[in-house]
Amino acid sequence: MIEVFGVDLKENPNLQIRKADLAVEQIPFEDQFFDAVSAFDFIEHIPRLLYSPQRRYPFVELMNEIYRVLKPEGVLMSVTPAYPAGEAFRDPTHVNIITEETFPQYFDQNNRLAAMYGFNGYFQIIEQKWHENQTHLCTIMRKLTLK
């Protein structure tokens, strides 16, 4: 049986949706809770940089949280409007523009450039491709436990 949980700005216990603002709060689930995490039209809304009052990197913090709640070998599937599609820029709440290089350069096990901003995980890029509408980039990554 598949169980589905969610996180939103409003809690709904009947639908197993927990409340959290993931731009500034942790994912409200235990370590290694999920086999898979999905982020559909979401990551582009998470700021890359905040001062509150110290400098924070909410996108990197979110990626750490996703890594934390995934079981070993767990999978993240992200579908997000991405550069150069106009949809990536059009919505004024899109504050995190994703490109084809974002996940492979900053979060994969080989490059991990986000480590300089506090990323402590390791993902393997399983697949990355443009959705058929050519506006959304679909990225599938597997959690690795390298150190």
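Quick note: structure is the one above.
I will try to describe carefully the structure that is included in this document. (Residues numbered from 1 in each chain as written. Predicted model: local features only at pLDDT ≥ 70, side-chain atom pairs only at ≥ 80, totals over all residues. Heavy atoms only, no water.)

### Quick word on the overall build of the protein chain
A count of helical and extended segments in the protein chain gives three helices and eight strands. Overall, the protein chain shows an N-to-C arrangement of helices and strands of β-β-β-β-β-α-β-α-α-β-β. Relative to the compact-globule value of 15 Å for 147 residues, the protein chain shows a C-alpha radius of gyration of 15 Å, a close match. Its C-alpha atoms put the protein chain at 40 × 40 × 35 Å along the principal axes. In the protein chain, which comprises 147 residues, the proportion classed as buried is 37%. Expressed as a percentage of contacts within the protein chain between residues at least 6 apart in sequence, the contacts between residues at least 24 apart total 56%. As displayed, the protein chain has an accessible area near 8700 Å², and 52% of this comes from carbon and sulfur atoms. Side chains of the protein chain carry 14 positive and 20 negative charges; the gap between the two charge centres is 5 Å. (Helix = DSSP H or I, 4+ residues; strand = E, 2+ residues; numbered from the N terminus. Rg over C-alpha atoms; globule rule 2.2 N^0.38 Å. Buried < 20%, exposed > 50% of the residue type's maximum accessible area, 1.4 Å probe, protein only. Contact = heavy atoms within 4.5 Å. Areas by Shrake-Rupley, 256 points an atom, 1.4 Å probe, with all protein chains shown as cover. Lys, Arg positive; Asp, Glu negative; His and termini not counted. Charge placed at Lys NZ, Arg CZ, Asp CG, Glu CD.)

### A few points about the nonpolar core
Counting residues in each nonpolar core, the largest one holds 31 residues, and the members touching the most others are Phe59, Met63, Ile66, Leu76, Phe103, Phe107 and Phe123. Ranked by residues supplied to this core, first place goes to helix α1 (residues 58–69) with seven residues. Leave out the neighbours within four places in its chain, and Phe103 touches Ile43, Phe59, Met63, Ser78, Ile98, Asp108, Ile125, Gln128, Thr139 and Met141. (Core = buried A, V, L, I, M, F, W, Y, C linked by side-chain atoms within 4.5 Å.)

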